[in-house]
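Listed here are the chains, written in short residue letters.
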Amino acid sequence: MSSEKLFVLKSPKKHFWLSCQVIEDHFLKAFEKSDIPVEELLIDQKLNPGQLEAFQKLNGRIHLFFLSDILNYQDICQQLKDLQLTNIIYYIPVYGNMTMEVYRWLALDELLRDREVYLLGASPRSCQQIKRFTNEASIEYVPYCFEEGLIPKKPHSTIDLVYAGRITPQKNVLELLLTFREAHAFNPDLRLHIAGEFHDRMYHLHGYKVEVEKFKEAVKAALSSPGVIYHGQLGQSQLLELYSNCDYFVSMSTYHDEDFGMSACQAASQGLKLILSDWGGHGAFKKNAHMVSVTVDIYNIPKISRGELKKILATIKKPEKDESHQFQKRFSYESFILHMKNLMQKKPLKFGGMSDLYKHYAALATKTFPFANTERQQESHDFYLSIYRDGK
């Protein structure tokens, strides 16, 4: 591997999704602490002439890790294709965006075809979806990672839960708040901390329009319920500090590309138990963390079972055992680097392009919001559910 080099392709801009930025930051830190020869390439729109020339001078295999999800993949891959080099290996974390970045993946269908490509899924369910959306491809399960280290727990007598993330309909924050209010009447020791803010992106929910202002008003009213503490948007250090005061992390998300759950993973690493919707990438935590799952009805508009959640919250006790150290090892920088070293020693399949199923899916899309196509709402809705059922 001495003649080989790994280049990390990074945008100078911050990602508009905080969770994606956190994932990218941790990937970069993991590379910086590893013994893999790594060079970070800052790319605004395209690779510059100097970067392209450097690739042409390398004799060994060139490993390209697409770190930033907001890079212009199409233009970069077109430049690389034009070089006609046969020694480039592509590593592309999918970041749960195949159902979002439709135009990107339709372009990559041609630009990456017959190239040696690894598609990296953050959870088994994400990998299942990628498999359905592609023809022949090397799809690898490579979880996101974070830095090890525990913040000491602060003693408290109440039973404290926390949700951290966007306040949008797909995350079912309103349903969580309303169910908590009902459960609090039976379990007054409960406290629910909400850390996040309203987000203008992605108010659409599985093809059905949401009246945004009514949604905001209902959430704001529910935030004033007994036992609820609203923190607004928190930075990473503040969020970890909040986790040190809590017992459980809760998320009832049915966002259609919930490929992993970075906040849930960070919370579990700090010793919090998980109460999660049985949806998407949340399933990865069943084996790796003490997770209580809440059923999602997928035969209609995907909904959580509020009755099931209410019963869990109304009877929940303070947790006793802390297995955060064991959990941290599974999602550590060292674990991620080991995954990368193993992949670098192998040879990926040549990418066979996007599947007919994906192209049919893309035809339902309106811009980059496939499930917001209200003109073909029922068709889009039924098609998505068929994907989820098969991948569950």
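A short tour of the structure in this document, coming up. (Residues numbered from 1 in each chain as written. Predicted model: local features only at pLDDT ≥ 70, side-chain atom pairs only at ≥ 80, totals over all residues. Heavy atoms only, no water.)

For the protein chain, the count of helices and strands is 15 helices and 14 strands. For the protein chain, buried positions account for 57% of its 392 residues. (Helix = DSSP H or I, 4+ residues; strand = E, 2+ residues; numbered from the N terminus. Buried < 20%, exposed > 50% of the residue type's maximum accessible area, 1.4 Å probe, protein only.)

So, on to the side chain of aspartate 109. Examined against the element boundaries, aspartate 109 turns out to sit in helix H4 (residues 102-111). When neighbours within four sequence positions are excluded, aspartate 109 is seen to be in contact with Phe351, Gly353, Met354 and Lys359. (Contact = heavy atoms within 4.5 Å.)

Now for the sheet that holds strand S1 (residues 5-10). Strand order in the open sheet formed by six strands is S2-S1-S3-S4-S5-S6, and the pairing between neighbours is parallel. Edge positions in the open sheet fall to strand S2 (38-42) and strand S6 (138-141), since each of these has one partner strand only. The sheet shows a mean angle of 25° between the axes of neighbouring strands, direction not considered. Examined bridge by bridge, S1 and strand S3 (residues 62-66) share five bridges and lie parallel to one another. (Pairing = 2+ DSSP bridges. Axes fitted to C-alpha atoms, helices over the stretch in contact; angles between N-to-C directions.)

Inspection of helix H11 (residues 306-315) places Leu309, Ile312 and Leu313 among the buried residues, and these make up the whole buried set. Buried residues of H11, seen end-on, are gathered within an arc of 90° and therefore sit on one face of the element. Set apart from the buried face of H11 by more than 90 degrees, the exposed residues are Gly307, Lys311 and Thr315. Check the buried side of H11 and you find it contacts strand S7 (159-164), helix H6 (173-184), strand S8 (190-195), strand S11 (273-277), strand S12 (291-294) and strand S14 (303-304). (Arc of directions from axis to C-beta.)

A few words now on the sheet that holds strand S10 (residues 248-251). Pairing within the open sheet is parallel, and its six strands lie in the order S9-S8-S7-S10-S11-S12. On the outer flanks of this sheet lie strand S9 (228-232) and S12, each paired with one strand and no other. Direction aside, neighbouring strands of the sheet carry axes that sit 20° apart on average. Both S10 and S11 contribute to a ladder of four bridges, which runs parallel. Its bridge partner being in S11, phenylalanine 249 is matched across the sheet by leucine 274.

A few words now on the pairing of S11. The element S11 is largely enclosed, with a buried count of five among its five residues. Side-chain alternation along S11 places Lys273, Ile275 and Ser277 on one buried face and Leu274 and Leu276 on a second face that is also buried. Of the strand pairs in this sheet, S11 and S12 are connected by four bridges, and their pairing is parallel. Counterpart to serine 277 in the pairing with S12 is valine 294.

The tendency in soluble globular proteins is for nonpolar side chains to be buried side by side. In terms of nonpolar packing, the biggest core is built from 49 residues, with Phe27, Phe65, Tyr91, Phe249, Phe285 and Phe336 touching the most fellow members. Dropping the residues within four chain positions of it, tyrosine 91 is found in contact with His63, Leu64, Phe65, Phe66, Tyr118, Leu120, Met340, Leu343 and Met344. With 37 residues, the next largest nonpolar core counts Leu83, Ile88, Val94 and Leu119 among its residues. (Core = buried A, V, L, I, M, F, W, Y, C linked by side-chain atoms within 4.5 Å.)

Let us look at the pattern of salt bridges. One pass over the structure, following the stated rule, counts 17 salt bridges. Lysine 359 is the salt-bridge partner of aspartate 109, the closest N and O atoms lying 3.6 Å from each other. One end of the pair, aspartate 109, is in helix H4; the other, lysine 359, is in helix H14 (residues 356-363), and 250 residues separate them in sequence. Each of Asp109, Arg113 and Lys359 takes part in salt bridges that share partners, so that together they form one network. (Salt bridge = Lys/Arg side-chain N within 4 Å of Asp/Glu carboxyl O.)

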